[in-house]
Amino acid sequence: MLEVRDLHAFYGKSHILHGVHLSIRQGEIVSLLGRNGVGRSTTTAVVSASVLILFLDAVLAKVLLTS
């Protein structure tokens, strides 16, 4: 499950995402729809980067525990 609560993103001083909530259950396929400039790409980029960081942290923790 992927759950995002109260996601905010900024480009410089511009507040781009304002408290986005998203919940995706295992096996679901999700699409973000909207006009240009509504934050689809920013939402995807921030969530993807966050998942990658959590994955890398878990891998690093496993390496440290087994070393």
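Here the structure is a predicted model, which means the values were calculated and not measured.

Q: Teacher, can you tell me more about the pattern of salt bridges here?
A: Opposite charge on two side chains makes pairing possible when the charged atoms of those side chains draw close. Under the defined criterion, the tally for this structure stands at 2 salt bridges. Note that Arg-5 and Glu-3 form a salt bridge whose closest N and O atoms lie 2.2 Å from each other. The exposure class assigned to Glu-3 is partly exposed, which follows from its relative accessible area of 38%. Its salt-bridge partner being Arg-25, residue Glu-28 comes within 3.3 Å of it at the nearest N-O pair.

Q: Teacher, can you tell me more about the confidence of the model for the protein here?
A: For residues with low pLDDT, the predicted coordinates do not support detailed interpretation. Per-residue pLDDT for the protein has a mean of 84; in total, 85% of the residues score no lower than 70. The secondary structure element of the protein with the lowest average pLDDT is helix α1 (residues 40–66), at 77, and the one with the highest is strand β2 (residues 14–24), at 91.

Q: Please clarify how the pairing of strand β1 (residues 2–11) should be interpreted in this entry.
A: Two faces make up the sheet, and in a regular strand the side chains alternate between them. Taken together, the 7 bridges between β1 and β2 define a ladder with antiparallel strand orientation. When the bridges of β2 are listed, Tyr-11 appears paired with Ser-14. Hairpin connection between β1 and β2: a loop of 2 residues separates the two successive antiparallel strands, and Gly-12 in this loop has a positive phi of roughly 65°.

Calculation criteria
- Residues numbered from 1 in each chain as written.
- Predicted model: local features only at pLDDT ≥ 70, side-chain atom pairs only at ≥ 80, totals over all residues.
- Heavy atoms only, no water.
- Salt bridge = Lys/Arg side-chain N within 4 Å of Asp/Glu carboxyl O.
- Buried < 20%, exposed > 50% of the residue type's maximum accessible area, 1.4 Å probe, protein only.
- pLDDT = per-residue confidence, 0-100.
- Helix = DSSP H or I, 4+ residues; strand = E, 2+ residues; numbered from the N terminus.
- Pairing = 2+ DSSP bridges.

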